Amino acid sequence: MFFNTPGKPTNLKKAVYLAASVILGLLLGLIAHAAIEMKYLALADSRGWAVNFYYGCALPIWLQILIWLAGVVGGYFLGSWWWRKLYVERVWEKK
């Protein structure tokens, strides 16, 4: 059931595959954003720093955007790499 051959690669399959990997990148970016913000707030609390909140977040806007963009770009490139490995090169068939 899980190890069926994936069939012929089509443009629709590729678009769905890349969209799913971009969503995964966004979700991983959200986890990274939360982890970075928790570490920053713990550091600021231990050192007694005053923290400014930007729209409900302690990280600056440019860092928030950078984390989200890194998630999107990383998800796209990871998805295109795995697409090439699974559907084009078919490395799982060669073993």
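Here the structure is a predicted model, which is why all the values come from computation and not from measurement. (Residues numbered from 1 in each chain as written. Predicted model: local features only at pLDDT ≥ 70, side-chain atom pairs only at ≥ 80, totals over all residues. Heavy atoms only, no water.)

## Points about the packing of aromatic side chains
What counts is decided by this rule: In this scheme Phe, Tyr and Trp rings, the latter by its six-membered ring, pair at centre separations within 6.5 Å, and the angle between planes marks the pair as stacked below 30 degrees, edge-to-face above 60, and tilted otherwise. Remark: exposure states derive from per-residue accessible area (1.4 Å probe, protein chains only) relative to the maximum for the residue type, with buried under 20%, exposed over 50%, and partly exposed in between.
If you walk through the whole model with that rule in mind, you get five aromatic pairs. Ring geometry for Trp81 against Trp82: centres 4.8 Å apart, planes inclined by 80°, an arrangement best described as edge-to-face. Exposure remark for Trp81: the relative accessible area of 36% places this residue in the partly exposed category. One aromatic cluster in this structure is built from Tyr17, Trp83 and Tyr87.

## Considering the pattern of salt bridges
As a reminder, the rule being used: Salt bridge criterion: a side-chain nitrogen from Lys or Arg within 4 Å of a carboxyl oxygen from Asp or Glu.
Evaluated as defined, the whole model comprises two salt bridges. As a salt-bridge pair, Glu89 and Arg84 come within 3.2 Å of each other at their nearest N and O atoms. Notably, a salt bridge pairs Lys85 with Glu89, separated by 3.3 Å at the nearest N-O pair. Given a relative accessible area of 21%, Lys85 falls into the partly exposed group. Its relative accessible area of 28% is what places Glu89 among the partly exposed residues. One continuous salt-bridge network, built from bridges that share partners, spans Arg84, Lys85 and Glu89.

## Focus: the side chain of Gln64
Rules: Helix numbering and strand numbering both begin at the N terminus, where a helix is a DSSP run of H or I of at least 4 residues and a strand a DSSP run of E of at least 2. Contacts are assigned to residue pairs that have any heavy atoms within 4.5 Å of one another.
Within the secondary structure, Gln64 sits in helix H2 (residues 61-88). Leaving out residues up to four positions away in the same chain, Gln64 has contacts with His33, Tyr54, Cys57 and Leu59.

## Comments concerning the packing of helix H1 (residues 11-47) against H2
Helix packing for two helices is described by the angle between their axes and how far apart those axes are. Defined as follows: To get an axis, fit a line to the C-alpha atoms, keeping to the stretch in contact for a helix; angles then go from 0 to 180 degrees between the N-to-C directions. Oblique is the label for any angle not covered by the other classes, which are roughly parallel (under 35 degrees), roughly antiparallel (over 145) and roughly perpendicular (65 to 115). The crossing is said to be left-handed when, going from far helix to near helix, the turn is anticlockwise and less than a right angle, and right-handed when the turn is clockwise. Think of it as three bins: nonpolar holds Ala, Val, Leu, Ile, Met, Phe, Trp, Tyr, Cys and Pro, charged holds Asp, Glu, Lys and Arg, and polar takes everything else, Gly as well.
Look at H1 against H2: their axes get within 7 Å of each other, and the N-to-C directions meet at 140°. Taken together, H1 and H2 sit at an angle that is classed as oblique. Both H1 and H2 take part in a crossing whose hand is right-handed. Grouping the amino acids of the contact of H1 with H2 by side-chain chemistry returns 14 nonpolar, nine polar and two charged.

## Here we look at H2
Counted only if it meets this: Residue count minus one, scaled by 1.5 Å, sets the expected span of a helix.
Compared with the 40 Å implied by 1.5 Å per residue over 28 residues, the 39 Å span of H2 between its first and last C-alpha is a close match. Taken residue by residue, H2 has Gln64, Ile67, Gly71, Gly75, Gly79, Trp83 and Tyr87 as its buried positions. One or two positions beyond H2, positive phi appears at Arg90, with a value near 50°.

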